[in-house]
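# Architecture and fold: a report
Below are the chains, spelled out letter by letter.
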Amino acid sequence: MIDLYYAPTPNGHKIALFLEEVGLPYTIYPIDISANEQFTPEFLAISPNNKIPAIVDHQPADGGEPLSLFESGAILLYLAEKTGKLLSQNERERIRQLQWLFWQVGGFGPMLGQNHHFNRYAPEVVPYAINRYVTETQRLYKVLNTQLEKTPFLGGNEYSIADIATYPWAHSYEYQKINLQDYPAVEKWLEKISQRPATQAVYNK
Ligand SMILES: N[C@@H](CCC(=O)N[C@@H](CS)C(=O)NCC(=O)O)C(=O)O
């Protein structure tokens, strides 16, 4: 059984999407980040960077003590290796999938997170910051669109943890001042992933 420390945000959705795809049983432990529950000593013992998502795997891949993990990219990689699913066994396709996973956790997520902050949550309007992060978001959507014009999924022909990491952020395109019609390959990819039963299970919960 896996404990998932979760809030209904793009980073939280990533892990739920993976677990639903592969059918691994999990228990959700909600962390209310607006009430600062991410700073409690109990949560910090699992996630020392005080952010969701985090997991505790009570049946870890090495058969040892329960394993706690934070950082969505590390969790997705761990779960993909543990289950042998959603990360290609083909070396070339696998590294391409990992390349896009790292692109998401190092760029697409953090930059869109700043976009969300300055467009939705900042207590004052900061035009410089809004312009900076909307412009960077548009650049990243162009990169995404260019890739998805070439291959049906981010890392190639197969749906993988790279798509799982990226989908929940792109799903929130309306918050980001993004006109999806400017990125037709992204629009098609979003629609395709939204039809998957696992995606519907996560977003309907
Ligand atoms: N790099 C982290 C980012 C996680 C993250 O930013 N989580 C946000 C919610 S989407 C959070 O927990 N924020 C609480 C805080 O910053 O105090 C990951 O990919 O797991």
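Residues numbered from 1 in each chain as written. Predicted model: local features only at pLDDT ≥ 70, side-chain atom pairs only at ≥ 80, totals over all residues. Heavy atoms only, no water.

### Thoughts on the pattern of salt bridges
Where side chains of opposite charge bring their charged atoms close, a pairing between them can arise. Put simply, the rule reads: By salt bridge we mean one thing: a side-chain nitrogen of Lys or Arg within 4 Å of a carboxyl oxygen of Asp or Glu. Where helices and strands are cited, they refer to DSSP runs of H or I of at least four residues and of E of at least two residues respectively, numbered from the N terminus.
Under the defined criterion, the tally for this structure stands at five salt bridges. For the salt bridge of Lys205 with Glu20, the shortest nitrogen-to-oxygen distance reads 2.6 Å. With Lys205 in the segment after helix H8 (197–204) and Glu20 in helix H1 (residues 10–22), the pair connects residues that are 185 residues apart, well separated along the chain. Here Arg139 and Glu136 are joined by a salt bridge, their closest N and O atoms 2.8 Å apart. With a gap of three residues between them, Arg139 and Glu136 both fall in helix H5 (residues 127–150), about one helical turn apart.

### Side note on the UniProt feature "domain: GST C-terminal" (unreviewed entry) in the protein
As a reminder, the rule being used: UniProt positions are given in the numbering used here, feature names are shortened, and annotations may be inferred rather than shown by experiment.
This chain's UniProt record puts "domain: GST C-terminal" (unreviewed entry) on residues 90–205. What you have in residues 90–205 is 72% helix and 0% strand, and the ends, taken at the C-alpha atoms, are 34 Å apart.

### Topic: the UniProt feature "domain: GST N-terminal" (unreviewed entry) in the protein
Listed under "domain: GST N-terminal" (unreviewed entry) in the UniProt record, and renumbered for this structure, are residues 1–87. Taken end to end, residues 1–87 is 36% helix and 21% strand, and its first and last C-alpha atoms sit 21 Å apart.

### A few points about the packing of aromatic side chains
For any two aromatic rings, the description comes down to two numbers: the centre-to-centre distance and the angle of the planes. The criterion, for reference: A pair of aromatic rings is counted whenever rings of Phe, Tyr or Trp (Trp by its six-membered ring) have centres within 6.5 Å, and the orientation is called stacked for planes under 30 degrees apart, edge-to-face for over 60 and tilted otherwise. Here's how the labels work: a residue is buried when its accessible area is under 20% of the maximum for its type, exposed when over 50%, partly exposed in between, all with a 1.4 Å probe on protein chains only. Placement of a charge over a ring requires the Lys NZ or Arg CZ to be within 6 Å of the ring centre, with the centre-to-atom vector within 35 degrees of the ring normal.
What the rule picks out here adds up to 10 aromatic pairs. The interplanar angle of 0° and the centroid separation of 5.8 Å between the aromatic rings of Phe118 and Tyr133 together place this pair among those described as stacked. Of this pair, Phe118 sits in helix H4 (residues 91–121) while Tyr133 sits in helix H5, placing them 15 residues apart in sequence. Ring centres of Phe153 and Tyr159 lie 5.6 Å apart, and the angle between their planes is 65°; this geometry places the pair in the edge-to-face category. Note on accessibility: Phe153 and Tyr159 belong to one class, buried. Members of the aromatic cluster, connected to one another through ring pairs, are Trp100, Trp103, Phe108, Tyr141 and Tyr183. Lying across the ring of Tyr175, Arg120 places its NZ or CZ 3.6 Å from the centre. Here the guanidinium or amino end of Lys192 rests over the ring plane of Phe153, the centre of that ring lying 4.5 Å away.

### Re the environment of Ile33
We count it as follows: Two residues form a contact once any of their heavy atoms are found within 4.5 Å.
Assignment of secondary structure puts Ile33 in the loop between strand E2 (26–30) and helix H2 (41–46). For Ile33, a relative accessible area of 36% gives the class partly exposed. A sequence separation of 24 residues divides Ile33 from Asp57, and the C-alpha atoms of the two residues are 22 Å apart. Ile33 has contacts with Thr9 and Gln38, leaving out every residue within four places of it along the chain.

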